[in-house]
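Spelled out from the first residue to the last, the chains are:
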Amino acid sequence: MPLDDFEAEPRGWKFVGGEEFPGAKGSLARDASRSHGGKASYKLDADFRGGGAYVGSWKDLEPLGLPDVAEFRLSVHARNLGRLGVRIVDDTGQCHQKTVDLPNAAGEGWCEVVLKVRDLVGGEHWGGANDGAWHGPPKGLGLNIGKDAVGRDANGRATLWIDNLSAVAVAPGKPTLRSCTIDPSSCRPGYGTRLRYVWEAEPLGSNCSVFVHFVDAHGQMVFQADHDPPVPTSHWSGRVEYARTAVVPTDVAPGRYDVVVGLWNPKPSERGGGRRPFLIGTGLVALAGDACRVGSLEIAANAPLPKLPPSSLKLNDFRLTFDEDFRGPLSVSAWGPGTRWIAHTPYGGDFGDAGFADPENDSPFTTNDGVLQIEAKKVGGKWRSGLLCSVDPKGEGFSQQYGYFEMRAKLPKGLGTWPAFWLMGVPQLKEPRDKKTLTQIEIDVVEQYGVGPNALHTTLHLWGPGSFHWAEGDTSIVTGMTDDFHTYGVLVEEDFITFYFDGAELRKDKTPKEAKVPLYLMVDLALGGGWPIDRTPNPSYLLVDHVRVYARK
């Protein structure tokens, strides 16, 4: 794939002056006096006589919508330069950096340089996922001249010419969907079923989603359960096996629905966007349009209700460290300090389609007989609701490293509601707002959307500097969340994070290092979350009986 031959004025490039190490000078410009097989090249000049550490060129690749790349190729001519600094940014915003030798670039000739992505990663890296692993496709490429790579007799000056920059895409594989089981095979409207997928995976060259369509007898898709696999398809390999819950909306009519599955790249601007071909295993039915039928789901009003395992939570070895029973006046202010709760996220990132109100005027919070009521209602034509957080913007207040965190609550009924109980890490609050370097943990103990009143969503998120975001979520089908009070809890330990509903274990995940920090609490009634709020009951209420935290004795 040609990226630039510099025959016309280059686009998407910029000069990088290495300003964090003052003193270097340089320039980046098209040079019509020197080329390799054409009329011009790109010339990077560096002058370190005044100090500094490097200068460079940067190519923004994101607008090109590249698939994953195996290697970059370019023609190079250098003066007074023996090594080339290379930076490459992956899809998470992680920058990988390495220095490569230019053994044949001295003198008057040109040489071809091949930059294999697998050789550029695993060393120095920062930002994004910050794990040293490659997460394609690439979003940017940098070529640098470092001061320490300039020849000793060059008086601190060097020049690099580049031409004929191209990329070689990862050859896309053709994975096989070996099986997809549906259990249970029938459910009621508003409940759901569990689909277990088994793939023989091959890398696809881009990050694709799995589309899951539920199709009626007329061939019309009625609802869907699309998702991203736990392993990005850009580096799929071997056997990939996982399960996902498909939630059935409350207004789906009774009947039998075919379940149709396939792969698609949701970024149509990328090369390889749209549906992707794959192979199928025995018992699956190939359909036109790179899809297959994996089975069917019967929706019936009298289908069996889901059953959870018995309670397994034991707190005998724990002591109570935080107990909000809402039996006295609620200690809350807009931003603190000096109150047990504040009424906004401490990082100032309120969300949803209802503003979180300050508690002083027409407060969304009331307490009665030991129950907190958070009210969402329209005020002056706009929705407003409430959020409680246990620390202020400086991270002062209640937080705890490890332990069991629990809310007992009755969730609201109605489309458009979005209640939640969740935890985040304190350390990032201590960083300057304009210099965030830490990756933030978010543990969603419960999220529930009014469109799926029996779907309990639990998710681990990592939010990094720049645009990095990683999430691993799951959905459990339970009964009665809007009919009565239930407990929603999470046990955070050094090795594992375990989610509970009424003491029954829902899922267990390895504890990421970002979660091994003091965690603060948030409780909120938001609206929307991607769903319309035109039919949301006005007002709507989240009722909270208690919020408690325990630590091991």
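Note: the structure precedes this text.
Overview of the structure. Quick caveat, the model's predicted, so the values are computed rather than measured.

## Considering the sheet that holds strand β7 (residues 83–89)
- Strand order in the open sheet made by the 6 strands is β2-β5-β11-β7-β8-β10, with antiparallel pairing throughout. Every other strand in the sheet has two partners, leaving β2 (13–16) and β10 (124–126) as the edge strands with one partner each. The mean inter-strand angle of the sheet, taken between neighbouring strand axes irrespective of direction, is 20°.
- Note: strand β8 (residues 95–101) against β10, 3 bridges, orientation antiparallel.

## Describing the sheet that holds strand β13 (residues 176–183)
- Within the open sheet, the 4 strands sit side by side as β18-β15-β13-β21. Their pairing is mixed. Because the sheet does not close on itself, it has two edges, and the strands there are β18 (238–247) and β21 (279–280).
- For β13 and β21, the ladder comprises 2 bridges, and the chain directions are parallel. The partner of L177 across the bridge, within β21, is I280.

## A look at the layout of surface pockets
- Space inside the second largest pocket adds up to approximately 480 Å³.
- Residue lining of the second largest pocket: 25 residues in total, with D183, P184, R194, T245 and I477 positioned closest to the centre.
- Of all the elements in the fold, those that place two or more residues in the lining of the second largest pocket are β13, β15 (192–201), β36 (469–477) and β39 (504–510).
- Take the lining of the second largest pocket: its biggest share by element is 5 residues, from β15.
- Partitioned by chemical class, the residues of the lining of the second largest pocket number 12 nonpolar, 6 polar and 7 charged.

## Quick look at the nonpolar core
- If you look at the biggest cluster of nonpolar residues, it comprises 49 residues, and the most contacted ones within it are F421, L423, I443, L521 and V547.
- Apart from residues no more than four positions distant in its own chain, L521 is found in contact with F322, W341, L388, C389, S390, F398, F405, F421, W422, L423, V547 and V549.

## Description of empty space enclosed by the protein
- Counted under the stated rule, the structure contains 1 cavity of 30 Å³ or more.
- As a volume, the largest cavity reaches approximately 40 Å³.
- Lining the largest cavity are L28, Y42, K43, L44, S57, L143, L160 and I162.
- Elements with a contribution of two residues or more to the lining of the largest cavity: β4 (41–47) and β12 (157–169).
- No other element matches β4, which puts 3 residues into the lining of the largest cavity.
- Broken down by class, the residue content of the lining of the largest cavity amounts to 6 nonpolar, 1 polar and 1 charged.

Rules of the game
Residues numbered from 1 in each chain as written. Predicted model: local features only at pLDDT ≥ 70, side-chain atom pairs only at ≥ 80, totals over all residues. Heavy atoms only, no water. Pairing = 2+ DSSP bridges. Helix = DSSP H or I, 4+ residues; strand = E, 2+ residues; numbered from the N terminus. Axes fitted to C-alpha atoms, helices over the stretch in contact; angles between N-to-C directions. 1 Å grid on protein atoms, 1.4 Å probe; cavity = no way out; pocket = protein on both sides within 12 Å on 5 of 7 lines; lining within 4 Å. Points joined across faces, edges and corners; volume = space filled by probe spheres on them. Nonpolar A, V, L, I, M, F, W, Y, C, P; charged D, E, K, R; others polar. Core = buried A, V, L, I, M, F, W, Y, C linked by side-chain atoms within 4.5 Å. Buried < 20%, exposed > 50% of the residue type's maximum accessible area, 1.4 Å probe, protein only. Contact = heavy atoms within 4.5 Å.

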